[in-house]
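Listed below, chain by chain, are the residues.
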Amino acid sequence: PERSTADSSPPTPDCERWHKNARRMAAEGAQSVRTALGRVRWLPDGEEAEWPRFTSLLNTPVQGDSADALKQAMVDLSDKLPHTASIVSTVHDELIVECVSDNAEEVKALVETAMLDAVQTMFPGVRFEVEAGICDSWAEK
């Protein structure tokens, strides 16, 4: 595959090794892939399904682990939010929390901490960033 012109740096050895391993597993007919917390995704059978197996072997751990971390953050956060705040929705890797204006900064800090704690518990030593904002409507984000 061609490399994007947006990033001309060579792939890291770990990333390259991960891709090669996924290609090998796809070619050998891997039947499933798991997230770090053990959720399983069953992969399609057959020679014609090698590419979908490969993409699932790469995609599932990344998106699945992100989903697991978000769910853990929601559980952790639900006990810490003030009674004037509540989680109202999620969008991919985002939490939407509604609160009174007086608590917005406190709630923002709680959300950032919960999300970082959840993902860093799953992947100690890996650097993550959380970006949070305060707005009157999600459309403003």
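Nothing here was measured: the structure is a model prediction, and the numbers come from that model.

## A look at the confidence of the model for the chain
A low pLDDT score tells you not to read the predicted coordinates there in detail.
Move 1: Per-residue pLDDT for the chain averages 89, and the proportion of residues at 70 or more is 92%.
Move 2: Considering only residues more than four positions removed or in separate chains, one finds that residues 1–7, a stretch of pLDDT under 50, has five contacts.

## Brief notes about helix H3 (residues 104–122)
Move 1: End to end, H3 covers 27 Å across 19 residues, agreeing with the expected 27 Å (1.5 Å per residue, within 8%).
Move 2: Along H3, the residues that are buried comprise Ala 104, Val 107, Val 111, Ala 114, Met 115, Ala 118, Val 119 and Met 122. Viewed end-on, H3 has its buried residues packed into an arc of 110°, placing them on one side of the element. Seen from the open side of H3, the exposed residues pointing more than 90 degrees away from its buried face are Glu 105 and Thr 121.

## Some remarks on the packing of aromatic side chains
Move 1: Counted under the stated rule, the structure contains two aromatic pairs.
Move 2: Ring geometry for Trp 51 against Phe 54: centres 5.2 Å apart, planes inclined by 45°, an arrangement best described as tilted. Of the two residues, Trp 51 and Phe 54 both sit in helix H2 (residues 50–78), three residues apart, roughly one turn of that helix.
Move 3: Taking relative accessible area as the criterion, Phe 54 reaches 5% and is therefore assigned buried.

## Concerning the nonpolar core
Grouped burial of nonpolar side chains is what soluble globular proteins tend to show.
Move 1: Core analysis: the biggest nonpolar cluster contains 11 residues, these being Leu 70, Ala 73, Leu 77, Leu 81, Ala 85, Leu 95, Val 107, Val 111, Ala 114, Met 115 and Ala 118.
Move 2: Other than its neighbours up to four places away in sequence, Ala 114 contacts Ala 73 and Leu 77.

## Comments concerning the side chain of Ser 56
Move 1: If you trace the backbone, Ser 56 turns up in helix H2.
Move 2: Look at Ser 56 and you get buried, because its relative accessible area is 8%.
Move 3: If we ignore the near neighbours within four places in the chain, the residues touching Ser 56 are Val 33, Arg 41, Leu 43 and Pro 61.

## A few points about the pairing of strand E3 (residues 85–91)
Move 1: Two strands pair when backbone bridges link them, and E3 and strand E4 (residues 94–99) are joined in this way by six bridges, in the antiparallel orientation. Within E4, the position partnered with Ser 89 by the bridge is Ile 96.
Move 2: Counting the residues in the hairpin turn of E3 and E4 gives two residues, including His 92, whose phi is positive at 55°.

## Comments concerning the state of the cysteines
Move 1: Under the defined criterion, the tally for this structure stands at zero disulfides.
Move 2: In this structure Cys 99 is a free cysteine whose sulfur lies 10 Å from that of Cys 135, the closest cysteine sulfur available.
Move 3: Of the residues examined, Cys 99 reaches a relative accessible area of 26% and is grouped as partly exposed.
Move 4: Using a relative accessible area of 35% as the deciding quantity, one classes Cys 135 as partly exposed.

Definitions and cut-offs
Residues numbered from 1 in each chain as written. Predicted model: local features only at pLDDT ≥ 70, side-chain atom pairs only at ≥ 80, totals over all residues. Heavy atoms only, no water. pLDDT = per-residue confidence, 0-100. Contact = heavy atoms within 4.5 Å. Helix = DSSP H or I, 4+ residues; strand = E, 2+ residues; numbered from the N terminus. Expected span 1.5 Å × (residues − 1). Buried < 20%, exposed > 50% of the residue type's maximum accessible area, 1.4 Å probe, protein only. Arc of directions from axis to C-beta. Phe/Tyr/Trp six-rings, centres within 6.5 Å; stacked < 30°, edge-to-face > 60°. Core = buried A, V, L, I, M, F, W, Y, C linked by side-chain atoms within 4.5 Å. Pairing = 2+ DSSP bridges. Disulfide = S-S within 2.5 Å.

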